[in-house]
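The primary structure of each chain is shown beneath.
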Amino acid sequence: MAVKSLKVCATGSVANVSCGFDCIGYAIAKPADTLTIKTKDSPGVDITLSGSKADTIPAAAKYNTAGKAILSLLNSLGIDQGFNVHIEKGVPPSSGLGSSAASAAAAVVGVNELLGNPLKLEELLVHGMAGEAVASGEFHADNIAPALFGGIILIRSYDPLDILQLPVPENLFSTVVLPDFVINTRDARKIMPNRVPLKSAVEQAGNLAGFTHGLHNADFNLLGRSMVDLFAEPVRAELIPGYHLVQKASMDAGAIGCGISGSGPALFALSDSEEKAKKVGIAMVGAFKKNELNSTAYSSSIHKKSPEIMD
Ligand code: HSE
């Protein structure tokens, strides 16, 4: 049988967005992963990797987020078609920028396309989540859903899955700043509290509602007031040297709000113009530098596209 092949690109994402632990995430335009996927005559998924910290990622399909997502998809369809997959990592692993989700999202979109699109985009989500779970040890969709659907996503419920696309106000820009060290999502989830005080739960619920209302009304002031995290930030900030100084630097430079991107170590900030998003990035990189940490800033609009098939 003739080999069919394609290239597919999926971008990084910011999960939690401060007030939405495990239930809000948005896609960013860069960095991104590029996968080359080819059909092969024998069954199984063979993976090779290159790019950012690729040597830290397992290539065995069942331990690889893209591989596991493909196996889950093939299993659900009862198909034993084999694939060769090359993953060019643009999103550094263990960065807090949705690295495993980018690979998993590109993998399920690419394989589905090569199979003639038997599944709808929404139906690919559970398979992407199965891939994501390999890296984090648990199911969460706040990176994989934005990587698959683009935009700002609310996961209203996990059981049953209920995914909502939130409006993206014009002039909303994102900055992510990645310091030069890694935090494993699995480890960052282990330190999360099993219980939170009722008072914190009430405040977090109010902020999450305020954040979604702010998006609907393009009310940047309300967005900023709502970007407070009482669940993850109190325990995870300790993992990031100079966290509160970098956060303050972003606010002093005019950000709407700033917090930990996913499980870190990247921080994200939202701004009301492209110029401010760049300025905020420069300020955050400078603040990390004061803590003797090199970091890289990426600023972009909110990425509104699903993974793109390139050829
Ligand atoms: N919501 C997840 C967490 C995102 O914070 O553990 C991981 O990137």
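Predicted model only: the values in this text are computed from it and were never measured.

Student: Would you mind showing me how to read the packing of aromatic side chains here?
Tutor: For any pair of aromatic rings, the description rests on two quantities: the centre-to-centre distance and the angle between the ring planes. The final tally for this structure, using the stated rule, is one aromatic pair. Measuring from ring centre to ring centre gives 6.3 Å for Tyr26 and Phe268, while their planes differ by 70°; the resulting arrangement is edge-to-face. Pair noted here: Tyr26 is in strand β2 (residues 24-40) and Phe268 is in strand β9 (residues 267-271), with a separation of 242 residues, a long-range link. Residue Tyr26 shares its accessibility class with Phe268, and that shared class is buried.

Student: Sorry, what's going on with the domain arrangement of the chain here?
Tutor: How big an interface is tends to be reported as the loss of accessible area on association of its parts. Entries for the chain in the domain assignment read domain 1 (5-166 + 304-309) and domain 2 (173-301). Inter-centroid distance (C-alpha atoms) of domain 1 to domain 2 is 23 Å. In this assembly, 33 residues from domain 1 lie in contact with 42 residues from domain 2. Interface area, domain 1 with domain 2, both sides summed: about 2,700 Å², of which 62% is carbon and sulfur. When the area that domain 1 buries against domain 2 is broken down by residue, the three leading residues are Ser18, Cys19 and Phe21, summing to 24%. In this structure, the salt-bridge partner of Glu138 is Arg189, at a minimum N-O distance of 3.0 Å. The tally of links between domain 1 and domain 2 comes to twelve residue pairs in polar contact (both at pLDDT 80 or more). Among the secondary structure elements, those contributing two or more residues to the side of domain 1 that touches domain 2 are β1 (5-15), β2 and α3 (121-136).

Student: How should I be thinking about a nonpolar patch on the surface in this particular structure?
Tutor: Residues Val126, Tyr158 and Leu161 make up a contiguous nonpolar surface patch of roughly 220 Å² in combined accessible area. Relative to the helices and strands, Val126 is located in helix α3.

Student: What's the story with the pairing of strand β7 (residues 173-179) in this structure? I'm lost.
Tutor: A regular strand carries its side chains on alternate faces of the sheet. The buried fraction of β7 is high, at seven of seven residues. Here β7 shows a buried face lined by Phe173, Thr175, Val177 and Pro179 and a second buried face lined by Ser174, Val176 and Leu178. Of the pairings in the sheet, the one linking β7 to β9 comprises five bridges and is antiparallel in character. Note that in β9 the partner of Phe173 across the bridge is Ser271. Sheet topology note: the β7/strand β10 (residues 295-301) ladder contains seven bridges and is antiparallel. Bridging from a neighbouring strand, Val176 pairs with Tyr298 of β10.

Each value, and the rule that gives it
- Residues numbered from 1 in each chain as written.
- Predicted model: local features only at pLDDT ≥ 70, side-chain atom pairs only at ≥ 80, totals over all residues.
- Heavy atoms only, no water.
- Phe/Tyr/Trp six-rings, centres within 6.5 Å; stacked < 30°, edge-to-face > 60°.
- Helix = DSSP H or I, 4+ residues; strand = E, 2+ residues; numbered from the N terminus.
- Buried < 20%, exposed > 50% of the residue type's maximum accessible area, 1.4 Å probe, protein only.
- Domains from an automatic or database assignment.
- Contact = heavy atoms within 4.5 Å.
- Buried area = accessible area lost by both parts, 1.4 Å probe.
- Salt bridge = Lys/Arg side-chain N within 4 Å of Asp/Glu carboxyl O.
- Polar contact = N/O pair within 3.5 Å; in protein donor to acceptor, adjacent residues only side chain to side chain.
- Patch = residues over 30% accessible without salt bridge, like charges linked within 9 Å, V, L, I, M, F, W, Y side chains within 5 Å.
- Areas by Shrake-Rupley, 256 points an atom, 1.4 Å probe, with all protein chains shown as cover.
- Pairing = 2+ DSSP bridges.

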